[in-house]
Amino acid sequence: MAGRSEGFLATLARPRRIGFFDGISKLVRSLPPGDRAIAGLLALVFAVSCFTGLVALERTLLVQVPAKGGSLTEGVVGTPRFVNPLLALTDTDRDLATLTYAGLMGIGPNGLQPVLAQSYTISPDGKTYTFTLRPGLKFTDGTPITADDVIFTVQKAQDPGLKSPELANWSNIRAEAVDARTVRFTLPKAYAPFLEDTTLGILPAHVWKTVPVAQFPFDTHMELPVGAGPFKVVKIIRNRQGVISGYDLAANGAYATGRPYLDSIHLRFYGSTGELATAYHNGSVESAYGIAASGARTAPYSRVFGVFFNQTQNKALGQLAVRKALSIAIDRDHIVKDVLGGYATPLMGPVPPGSGVTSPPPPASADRIATAKKVLTDAGWAYDQNAGTWSNAKLKLTLTSLTVTTSNVPELKTIASAIQSDWQALGVQTSLQYDDPGALVSAVIRPRTFDSLFFGMVIGRGQDLFPFWDSSQKSDPGLNIAGYTNKIADALIEKARQESDPVARTADLQKASDAIAADYPAAFTHAPDFVYALPHSLQGVVLPQITSPSDRFASVATWHVRTAWVWPFFASNNPSGL
């Protein structure tokens, strides 16, 4: 038996040849050396062609999808102080709060979308919003997220002792927990942009409920947040002086809409835009906003810049013809192309681009001064060459000079200087006044001690014009710094605030914008672009309309540097990546 087994194994081990290939082998060996070389080359070409064909076939059958892995190092100007959605004051604060906290709603590529919320309903009268939380939500410390956490966050926002920037958004809203996963908000009256407010990051009640309001800014969780955002803090980096110079963040595997593709994001902080630009160009950081690098991505900024006229401070500015002439005289093309490097849109109205509301076209640069002078002369104004002033005998008014006040920021100073040159070409003596940002707000804007102010307004994503142009907001703390009054505009603005139909709301906003633009309460100049330099390897970035720089992280969970080829079935059943 043993001998028979050994014979069988020897038979199996004996080298065998396949007849066809054995014949090919004999044929090739019989060829002259030169022909054998040609045959070998043809065989190689055949093999490469087969491989290429198989790869091409594979690519037609498989799909490319994002894959988990990789990191991004980003540079930011400033140092964080309050990493908390209720107290975030600076852009750096808001960056970290956006990455580490999540709200009921979040900013998506096509508008607002649910994040912690699974769904929501709005009552027919537009005053009651009911949200249902997703099941199984957790904070980064593993604690479940419930309706009580949402209510706690809103109540803290409403606490005047905390002095939260969110107080104005939540002060008159009743919040109640229906059950562990359901919250209800009741508004005093319909307010269509309310969903924007529900992007507020939710705090963990178990962490903060024992912290006195006075101690909120000093609690350790202000630097080491426990949230439910797409990323979580794993390391804080400090320099030799103990000042925070960086944050290392890791992907939150329990994020409500799925783990981000990137494994980590590293934020590095710099003292100035110049330092940041140097770090970007020498490769210390891979990405940065506000850096006009080659291939930088842009998005519409929800900001409107212009010269706001104080008609009570300077009586000549009370005349529509004067305000209109001053506006027409400004060379917006020069500001956009030469001062801002093309990263802006010329503007003649109060609503930024990207909202569905159009602005009147700017006057042609070639004849704007002549056109502006004609506006004045047609309204009865005459220019005194010797005195260098415009006068209107019938109105007993003289436009002797104007002072343009603005923030002591290089870019704003350069634009103000360009406006000065334009107005002096019109025959209006113009001087410039620069104030530090803090002093500008406290000593100029709030008491309205200016006759013309070059300033930028942040118009929210909801395009609510009420704070800036409703006549009820003319006095501090209202933001109607031009003291604008127009009953028709007031009615349209209020109607738009309560209109739930987005088409009808846009139509009301268009009418309000047209009414404001026709009155020239300000010489609107431009809406800047948000400029974001990113590595070419980073994919999945979708920039929405930017209200705050932290909005650039709206799609951060879908950013990726790695991809994989998979069968379509696996792609559709694995939306969070490999």
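Details of the structure are given in the entry above.
Residues numbered from 1 in each chain as written. Predicted model: local features only at pLDDT ≥ 70, side-chain atom pairs only at ≥ 80, totals over all residues. Heavy atoms only, no water.

## Concerning helix 14 (residues 437-445)
Working step 1: Taken together, the buried positions of helix 14 are Leu440, Val444 and Ile445. Taken end-on, helix 14 shows its buried residues confined to a sector of 70 degrees, consistent with a single buried face.
Working step 2: Tucked inside the fold, the buried residues of helix 14 contact strand 19 (401-407), strand 20 (429-435) and strand 21 (452-458). (Buried < 20%, exposed > 50% of the residue type's maximum accessible area, 1.4 Å probe, protein only. Helix = DSSP H or I, 4+ residues; strand = E, 2+ residues; numbered from the N terminus. Arc of directions from axis to C-beta. Contact = heavy atoms within 4.5 Å.)

## Describing helix 13 (residues 410-426)
Working step 1: Taking 1.5 Å of rise per residue, 17 residues should cover 24 Å, and helix 13 covers 25 Å from first to last C-alpha, within 8% of that figure.
Working step 2: Along helix 13, the residues that are buried comprise Leu412, Ile415, Ala416, Ala418, Ile419, Gln420, Asp422, Trp423 and Leu426.
Working step 3: Count one or two residues on from helix 13 and you reach Gly427, which has phi positive near 100 degrees. (Expected span 1.5 Å × (residues − 1).)

## Some remarks on the sheet that holds strand 2 (residues 71-77)
Working step 1: One open sheet accounts for four strands, arranged 2-11-10-9; its pairing is mixed. The open sheet has two free edges, formed respectively by strand 2 and strand 9 (231-238), since each of these has just one partner strand. The average undirected angle you get between the axes of adjacent strands in this sheet is 20 degrees.
Working step 2: Both strand 9 and strand 10 (residues 244-251) contribute to a ladder of seven bridges, which runs antiparallel. Bridging from a neighbouring strand, Phe231 pairs with Ala251 of strand 10.
Working step 3: Relative to strand 11 (residues 264-270), helix 4 (residues 91-100) is tilted by about 170 degrees, and along the sheet it contacts strand 2, strand 9, strand 10 and strand 11.
Working step 4: Against the sheet, helix 9 (residues 273-281) makes contact with strand 2 and strand 11, and its axis sits at roughly 155 degrees relative to strand 2, the strand it touches most. (Pairing = 2+ DSSP bridges. Axes fitted to C-alpha atoms, helices over the stretch in contact; angles between N-to-C directions.)

## So, the packing of aromatic side chains
The geometry of an aromatic ring pair comes down to the distance between the two centres and the angle between the two planes.
Working step 1: Enumeration according to the criterion identifies 20 aromatic pairs in this entry.
Working step 2: Measuring from ring centre to ring centre gives 5.8 Å for Phe185 and Phe194, while their planes differ by 65 degrees; the resulting arrangement is edge-to-face. Per residue, the accessibility class of Phe185 equals that of Phe194, and both read buried.
Working step 3: Summarising the aromatic geometry, the rings of Tyr247 and Phe269 are spaced 6.2 Å apart at their centres and angled 65 degrees between planes, so their arrangement reads as edge-to-face. Placement of Tyr247 in strand 10 and of Phe269 in strand 11 is noted, with a sequence separation of 22 residues between them.
Working step 4: When its relative accessible area of 0% is taken as the criterion, Tyr247 is described as buried.
Working step 5: Counting every residue linked through ring pairs, the aromatic cluster contains Tyr120, Tyr129, Phe131, Trp170, Phe185 and Phe194. (Phe/Tyr/Trp six-rings, centres within 6.5 Å; stacked < 30°, edge-to-face > 60°.)

## Looking at empty space enclosed by the protein
Unfilled space is identified by rolling a water-sized probe across the atoms.
Working step 1: Considering all chains together, one arrives at three cavities of 30 Å³ or more under this definition.
Working step 2: For the largest cavity, the calculated volume is near 40 Å³.
Working step 3: Lining the largest cavity are Leu104, Val150, Val154, Trp170, Phe185, Thr198, Leu200 and Ile202.
Working step 4: By residue class, the composition of the lining of the largest cavity is seven nonpolar, one polar and no charged. (1 Å grid on protein atoms, 1.4 Å probe; cavity = no way out; pocket = protein on both sides within 12 Å on 5 of 7 lines; lining within 4 Å. Points joined across faces, edges and corners; volume = space filled by probe spheres on them. Nonpolar A, V, L, I, M, F, W, Y, C, P; charged D, E, K, R; others polar.)

## Re the side chain of Thr525
Working step 1: Mapping Thr525 onto the fold places it in strand 22 (residues 522-533).
Working step 2: Of note is the side chain of Thr525, whose polar atom sits 2.9 Å from the side chain of His526.
Working step 3: With sequence-adjacent residues up to four places away left out, Thr525 is seen in contact with Phe305, Gly306, Ile330, Arg332, Ile335, Thr345, Pro346, Leu347, Ile419 and Phe454. (Polar contact = N/O pair within 3.5 Å; in protein donor to acceptor, adjacent residues only side chain to side chain.)

## Things to note about unusual backbone geometry
Working step 1: Residue Pro477 follows Asp476 across a cis peptide bond; omega there is 10 degrees.
Working step 2: If you trace the backbone, Pro477 turns up in the loop between helix 15 (466-469) and helix 16 (487-498).
Working step 3: At Arg448, a position not held by glycine, the phi torsion is positive, near 60 degrees.
Working step 4: Relative to the elements of secondary structure, Arg448 occurs in the loop between helix 14 and strand 21.
Working step 5: Classification of Arg448 by relative accessible area gives buried; the value is 13%.
Working step 6: Despite not being glycine, Tyr520 has its phi angle at roughly 50 degrees, a positive value.
Working step 7: Secondary-structure assignment places Tyr520 in the loop between helix 17 (502-519) and strand 22.

## Quick look at the layout of surface pockets
Working step 1: Here the second largest pocket defines a volume of roughly 830 Å³.
Working step 2: Lining the second largest pocket we find 31 residues, and of these Leu112, Arg461, Gly462, Pro502 and Arg505 sit closest to its centre.
Working step 3: Elements that contribute at least two residues to the lining of the second largest pocket include exactly strand 3 (105-108), strand 4 (111-114), helix 7 (194-197) and helix 17.
Working step 4: Ranked by residues supplied to the lining of the second largest pocket, first place goes to helix 17 with four residues.

## What about the pattern of salt bridges?
For side chains of opposite charge, pairing can occur when their charged atoms come near one another.
Working step 1: Summed over the entire model, instances satisfying the criterion amount to 14 salt bridges.
Working step 2: Two residues, Asp508 and Lys495, come together in a salt bridge whose shortest N-O distance is 3.6 Å. In this pair, Asp508 sits in helix 17 while Lys495 sits in helix 16, placing the two residues 13 residues apart along the sequence.
Working step 3: Residues participating in the shared-partner salt-bridge network are Glu74, Asp95 and Arg552. (Salt bridge = Lys/Arg side-chain N within 4 Å of Asp/Glu carboxyl O.)

## A word on the packing of helix 10 (residues 320-329) against helix 12 (residues 368-378)
Working step 1: Packing of helix 10 against helix 12 brings their axes to within 8 Å, and their N-to-C directions diverge by 175 degrees. Classified by the angle between their axes, helix 10 and helix 12 sit roughly antiparallel to one another. Facing helix 10, whose interface residues are Ala321, Val322, Lys324, Ala325, Ile328 and Ala329, helix 12 presents Arg368, Ile369, Thr371, Ala372, Val375 and Leu376.
Working step 2: Grouping the amino acids of the contact of helix 10 with helix 12 by side-chain chemistry returns nine nonpolar, one polar and two charged. (Parallel < 35°, antiparallel > 145°, perpendicular 65-115°, else oblique.)

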